[in-house]
Amino acid sequence: MKILTIGGSGLIGSKLVAILRHRGHDVIAASPSSGVNTLTGEGLCKAMQGVQVVVDVANSPSFEDNAVMHFFETSGRNLLAAEAAAGVLHHVALSVVGIERLQSSGYFRAKMVQENLIKASQIPYTIVRATQFFEFVGAIADAGTEGNSVRLPPAMMQPIVSDDVAAALADVAIEEPLMDAIDLAGPELIRMDDLVRSYLFAHQDSRQVTTDSHARYFGTEVNDQSLTPYKSPRLGSTRFKDWLNHAMV
């Protein structure tokens, strides 16, 4: 297949491109640095020539409410219009598990708009909603830091490593469109405060985690249902402790 990956130079995109190329597919890794800009529309029509599948893993460069909404809404419209003109057969997008339960966040509101644009288009689609990545646990710690304390809720999570996300997206890209969203998660449940404690301990970080059920997750209050799969998810195979041990070598 000829597959266009939007955000092909990022954390997920670069891994996805490598997997698909290894499987023998003709893959275009598209990003602003390669002359393809979904926000302005630059290079989209040319990049779409002969493409059967588009996988969108691009992310907004800014998480400020207005900027992130502008990015996902404008990019979504431009991308879907170019796909329709080119006769693309399958649109695959990476989204977030629990998005409908996180609408007090501007970022997640913008991702919901992106999903709704995909569903309203005439292009067959599959939306892959993933849980939080292992690679961003440090960012969770930083967001909750006050002095030497990291204040976090004990909300249940089911995080996943980026390699498993990329592998699942590669599988979905060559499957038939589901016309639905599917959930993707790691193999085990763990509470957010315990997850960050393990991460800080492994990094010999002196910050102490304080459990607070009202502490916010990137500005949003969460509970045990907020960040865990709603439907029976596809599961990655890598456990957090195994990834952490490997990352620390």
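Here, the structure is the one placed above.
Fair warning: this is a prediction, and the values are worked out from it, not measured in the lab. (Residues numbered from 1 in each chain as written. Predicted model: local features only at pLDDT ≥ 70, side-chain atom pairs only at ≥ 80, totals over all residues. Heavy atoms only, no water.)

What follows covers the pairing of strand S2 (residues 26–30). Two strands pair when backbone bridges link them, and strand S1 (residues 2–6) and S2 are joined in this way by five bridges, in the parallel orientation. By the bridge assignment, Thr5 is partnered in S2 with Ala29. (Pairing = 2+ DSSP bridges. Helix = DSSP H or I, 4+ residues; strand = E, 2+ residues; numbered from the N terminus.)

A separate point is empty space enclosed by the protein. Taken as a whole and assessed by the stated rule, the structure comprises three cavities of 30 Å³ or more. Each pocket or cavity is described by its volume, and for the largest cavity that value is around 60 Å³. Around the largest cavity, the lining residues are Ile6, Thr38, Asp56, Ala58, Phe71, Phe72, Ser75, Gly76, Leu79 and Gln114. Of the residues contributing to the lining of the largest cavity, the split by class is five nonpolar, four polar and one charged. (1 Å grid on protein atoms, 1.4 Å probe; cavity = no way out; pocket = protein on both sides within 12 Å on 5 of 7 lines; lining within 4 Å. Points joined across faces, edges and corners; volume = space filled by probe spheres on them. Nonpolar A, V, L, I, M, F, W, Y, C, P; charged D, E, K, R; others polar.)

Okay, the nonpolar core next. In terms of nonpolar packing, the biggest core is built from 45 residues, with Leu4, Met48, Val54, Met192, Val196 and Phe240 touching the most fellow members. Those elements giving two or more residues to this core turn out to be S1, helix H2 (44–47), helix H3 (65–86), helix H4 (106–120), helix H5 (137–143), strand S7 (149–152), helix H7 (192–202) and helix H8 (240–247). With sequence-adjacent residues up to four places away left out, Met48 is seen in contact with Leu4, Val54, Leu79, Ala82, Glu83, Ala86 and Val88. Of all hydrophobic cores here, the second largest spans 24 residues; its members include Leu20, Val53, Ala130 and Val165. (Core = buried A, V, L, I, M, F, W, Y, C linked by side-chain atoms within 4.5 Å. Buried < 20%, exposed > 50% of the residue type's maximum accessible area, 1.4 Å probe, protein only. Contact = heavy atoms within 4.5 Å.)

With that out of the way, let us pick up the layout of surface pockets. Size it by volume and the largest pocket reaches roughly 800 Å³. Taken together, 32 residues form the lining of the largest pocket, with Asn59, Phe63, Tyr107, Gln132 and Phe136 sitting closest to its centre. In terms of residue count, H4 provides more of the lining of the largest pocket than any other element does, four residues in total. Looking at the lining of the largest pocket, its residues break down into 19 nonpolar, ten polar and three charged. Computed from the structure, the second largest pocket encloses a volume of approximately 150 Å³. Lining of the second largest pocket is provided by 13 residues; of these, Ser31, Pro32, Thr38, Ala58 and Phe71 occupy positions nearest its centre. When the residues that make up the lining of the second largest pocket are grouped by side-chain class, the tally is eight nonpolar, five polar and no charged.

In this section: the pattern of salt bridges. Counted by the stated rule, this structure contains 17 salt bridges. Across the salt bridge formed by Arg191 and Asp224, the nearest N and O atoms sit 2.9 Å from each other. Here Asp224 lies in the loop between strand S13 (220–221) and strand S14 (234–235) and Arg191 lies in strand S10 (residues 190–191), a separation of 33 residues in the sequence. Overall, Arg191 belongs to the partly exposed group, its relative accessible area being 29%. Assessed through its relative accessible area of 30%, Asp224 is described here as partly exposed. Note that Asp205 and Arg207 form a salt bridge whose closest N and O atoms lie 2.8 Å from each other. The structure contains a network of salt bridges with shared partners spanning Glu100, Arg101, Glu115, Lys119 and Arg129. (Salt bridge = Lys/Arg side-chain N within 4 Å of Asp/Glu carboxyl O.)

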